[in-house]
Amino acid sequence: MELQFKYYAFISYSSKDTEWGKKVQKKLEHYRMPATLCSEHGWERTPIKPVFFAPTDIQPGGLTEELQERLKSSRNLIVICSPNSAKSEWVGKEIEFFHQLGRTKQIHFFIVDGQPHSTNPDTECFNPIVNTLGLPEILGANIHEKIYRWPWMNKERAYVQLISKLLGVEFDAIWQRHKRLLIRKVALCTIGIIAVISALAGVWVTNQPVDVEVRLNEASVHNDNLPPLEDAIITMTLENETKTDTIHTLDAAIVFSNIPHRFINKEVRMQINCRDFIPVDTTIILSESNTIDIHHDCSVYGNLRFMLWNPDTEQTAPNTEIEIDGHKVLSDDDGYVTITIPLAEQKEFYPISSNALLLENDIVNGHCGPDDIIEFKNQ
C-alpha cells in the first residue's frame, strides 16, 4: 500500500538562499498541469502541494523532532543547491535523514548557484554529504544551464525539469506546452508594453503644443483690375478661447503658435473679414497647415446704380441709353441707371459715355450707389 504523506515535498535550503526557497515553493504550489495529464493520472490542476518550507521560527539544533516529523511526512526532498547550502551542516543533516528513511530516489536537487562537482569549495553547489552517502550520480535542475539565449527561459526550463521529476512524467510532456504558454505570455506582455508606451506617447504628443499655419486662397475668378487682398483679419476659436491675426497679402501666411495638439484633426471655427471679400464664418478640420477659400464680393464693384441729373434744368434723363465699359443700358423712368457687371469684367472705375447726352464725367466709380449722380447737359 502506498504511503500517505502530509507534504508533497520538503524544501531544504541555507538561510542565505531563503528567497530561492520561497520562489520554488510558490512555483510548485501554483503550477497548473496540462488538463490531459491531470485527467490521465487523476491529478488536480495544481497537484504539487502542499510544499513544506521551514519558517524562520524553526531553529534546528541537530534535527529537532519537529523537523524530523516534517521530513517523514514529506513525499520528496528538494535541495536548493548553492555554495551556501554546500557549506550548511543542517542541509547535510536533512539529506542524510531523508536518505535513511529509504527515499533516496525522492531526493531532488535544484541548482541556483555554483557548479556541480567542482573541486573548489567556493563554487561547489552539492553538499559533501552527497559523496559521503554515495548517492547516485546527480545532475539536478540547473537554472544556469545554457540551453536558450534568454536566462529567464533557462530558469523556467529548470523549474519544469524539477516538476517532471517530482511527478514522474516525461519532461517534454509538459515543457513544450509550458514553453508555448511562456512565449504567448511574453508576446502579450510585449503587446501590452507597446500599447502602454503608445498610449503614453499619444498623451505626450497630445499635450505638446504645435504651430498652425493658415493661408488664404482666392477661389473666385481672379481679376487683376480689382484691388488685391489686403489685411484680412482671421479669428480662430478653440473651445472658449479665440486667437486673432492678420494676413496682409494672399502670398503671405499667418502662424498661430502654441496650439494644443489635441485640437489637430478636430473641428474649429474660423472667421475671416476682409475689405472687398465675402466674410467667412466656417468650421474646418484643423491641421498644422490650413488653406481656406475666400471669394470676392461681386456687389462691391459690380452693382452700379446712379442718377442722370441736369443741374441747369434740375431734371433727370429717363429712358436714355448709356454705355458703361461696353455695356449698353437704359435709365429707368426716374432717370436711374442700374447695371450688374460680371466679376471677371469688374473694375474700380468704369468708362461711361452717351450719344444722347453731354456727360460731365466720362468715368464712374465702381462703388457708386443710389445717392450718386452723373451730371449732364442737353445737346
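As a reminder, the structure under discussion sits directly above these lines.
Residues numbered from 1 in each chain as written. Predicted model: local features only at pLDDT ≥ 70, side-chain atom pairs only at ≥ 80, totals over all residues. Heavy atoms only, no water.

### Looking at the nonpolar core
Generally speaking, a soluble globular protein has its nonpolar side chains buried in company with each other. Convention followed: Here the nonpolar core consists of buried residues drawn from Ala, Val, Leu, Ile, Met, Phe, Trp, Tyr and Cys, with membership extended through side-chain atoms lying within 4.5 Å. Think of it in three bands: with a 1.4 Å probe and only protein chains considered, a residue is buried below 20% of the maximum accessible area for its type, exposed above 50%, and partly exposed in between. Runs of H or I in DSSP of at least four residues are treated as helices and runs of E of at least two as strands, each being numbered from the N terminus. Any two residues whose heavy atoms approach within 4.5 Å are treated as being in contact.
Counting residues in each nonpolar core, the largest one holds 56 residues, and the members touching the most others are Leu28, Ile95, Phe109 and Phe110. Of all the elements, helix α7 (residues 151-167) adds the most residues to this core, at eight residues. For leucine 28, the contacting residues outside a window of four places in its chain are Ile48, Val51, Ile78, Leu162, Ile163 and Leu166. If you look at the next biggest cluster of nonpolar residues, it comprises 25 residues, including Ile247, Ile254, Ile284 and Ile294.

### Here's the deal with helix α1 (residues 18-29)
Filter applied, for reference: Residue count minus one, scaled by 1.5 Å, sets the expected span of a helix. The arc refers to the directions leading from the helix axis to the C-beta atoms.
Under the 1.5 Å per step criterion, the end-to-end length of α1 is 17 Å for 12 residues, consistent within 8% with the ideal 16 Å. Burial in α1 covers these residues: Thr18, Trp20, Gly21, Val24, Leu28 and Glu29. One side of α1 carries all its buried residues, which in axial view fall inside an arc of 160°. Relative to its buried face, α1 has exposed residues pointing more than 90 degrees away, namely Glu19 and Lys26.

### Overview of the sheet that holds strand β16 (residues 327-330)
The criterion, for reference: Note on pairing: DSSP must find at least two bridges between two strands before they are called paired. In this analysis, axes come from line fits to C-alpha atoms, helices being fitted only over the stretch in contact, and the angle between any two N-to-C directions falls in the range 0 to 180 degrees.
Strand order across the open sheet formed by four strands is β16-β15-β18-β20, with antiparallel pairing between neighbours. Because the sheet does not close on itself, it has two edges, and the strands there are β16 and β20 (363-365). On average, adjacent strands in this sheet sit at an angle of 35° to one another, irrespective of strand direction. Two elements, strand β18 (residues 349-353) and β20, share three bridges in a ladder whose sense is antiparallel. Bridge pairing in β20 places phenylalanine 349 opposite asparagine 365.

### A look at the environment of glutamate 375
Within the fold, glutamate 375 resides in strand β21 (residues 373-378). For the pair glutamate 375 and glutamate 360, spaced 15 residues apart in sequence, the C-alpha separation works out to 5.5 Å. Excluding anything up to four places from it in sequence, glutamate 375 contacts Trp309, Pro311, Leu358, Leu359, Glu360 and Asn361.

### Notes on the pattern of salt bridges
What counts here: Each salt bridge in this description consists of a side-chain nitrogen of Lys or Arg and a carboxyl oxygen of Asp or Glu lying within 4 Å of one another.
Counted under the stated rule, the structure contains 13 salt bridges. Between arginine 269 and aspartate 281 there is a salt bridge; the shortest N-O distance is 2.7 Å. Placement of the pair is arginine 269 in strand β10 (residues 267-273) and aspartate 281 in strand β11 (residues 280-285), with a sequence separation of 12 residues. What makes arginine 269 partly exposed here is its relative accessible area of 38%. The exposure class assigned to aspartate 281 is partly exposed, which follows from its relative accessible area of 49%.

### A short note on the pairing of β18
The alternating pattern of β18 places Tyr350 and Ile352 on a buried face and Phe349, Pro351 and Ser353 on a face that is not buried. As judged from the two bridges shared by strand β15 (residues 321-324) and β18, these two strands associate in the antiparallel manner. Paired with glutamate 323 across the strands is serine 353, a residue of β18.

### Side note on the packing of aromatic side chains
What counts, and what does not: Any two of the Phe, Tyr and Trp rings considered here, Trp counted by its six-membered ring, make a pair once their centres fall within 6.5 Å; the pair's planes then place it as stacked at under 30 degrees, edge-to-face at over 60, or tilted in between. In this scheme, the term charge over a ring applies when either NZ of a lysine or CZ of an arginine sits within 6 Å of the ring centre and within 35 degrees of the ring normal.
Applying the stated rule across the entire model yields seven aromatic pairs. Between tyrosine 7 and phenylalanine 52, the aromatic rings sit 5.3 Å apart at their centres with planes inclined by 50°, giving tilted as the arrangement. A residue pair is termed long-range when its members are at least 10 positions apart, and tyrosine 7 in strand β1 (residues 7-12) and phenylalanine 52 in strand β2 (residues 51-53) qualify at 45 residues. Here the two residues tyrosine 7 and phenylalanine 52 agree in accessibility, since each one is buried. Ring plane angle 20° and centroid distance 5.8 Å describe the contact between phenylalanine 171 and tryptophan 175, whose orientation is recorded as stacked. Of this pair, phenylalanine 171 and tryptophan 175 both sit in helix α8 (residues 171-206), four residues apart, roughly one helical turn. With respect to burial, phenylalanine 171 and tryptophan 175 carry one shared label: buried. Here the aromatic cluster, defined as three or more aromatic residues joined through ring pairs, consists of Tyr7, Phe10 and Phe52. The side chain of lysine 23 reaches across the aromatic face of tryptophan 20, ending 4.6 Å from its centre. Here arginine 305 stacks its cationic end above the ring of tyrosine 336, 4.4 Å away from the centre of that ring.

### Here's the deal with a nonpolar patch on the surface
We apply this condition: Patch building starts from residues that exceed 30% relative accessible area and form no salt bridge, then joins like charges within 9 Å and nonpolar side chains (Val, Leu, Ile, Met, Phe, Trp, Tyr) within 5 Å. Only the protein chains shown count as cover for residues, and all accessible areas are computed by the Shrake-Rupley method using a 1.4 Å probe.
A cluster of nonpolar side chains, namely Trp150, Trp152 and Val186, defines an oily patch on the protein surface of about 290 Å² accessible area. Within the element layout of this structure, tryptophan 152 appears in helix α7. For tryptophan 152, a relative accessible area of 35% corresponds to the partly exposed category.

### Here we look at the side chain of arginine 157
Locating arginine 157 in the fold gives a position in helix α7. In contact with arginine 157, other than residues within four places in its own chain, are Glu145, Ile147, Tyr148, Phe171 and Trp175.

### Let's talk about the sheet that holds strand β3 (residues 74-81)
In space, the five strands of this open sheet follow the order β2-β1-β3-β4-β5, with parallel pairing throughout. The sheet is open, and its two edges are formed by β2 and β5 (141-142), each paired on a single side. Taken together, the five bridges between β1 and β3 define a ladder with parallel strand orientation. Each bridged residue has a counterpart across the sheet, and for phenylalanine 10 the counterpart in β3 is leucine 77. Against the sheet, helix α5 (residues 89-100) contacts β1, β3 and β4 (107-111), and its axis sits at roughly 150° relative to β3.

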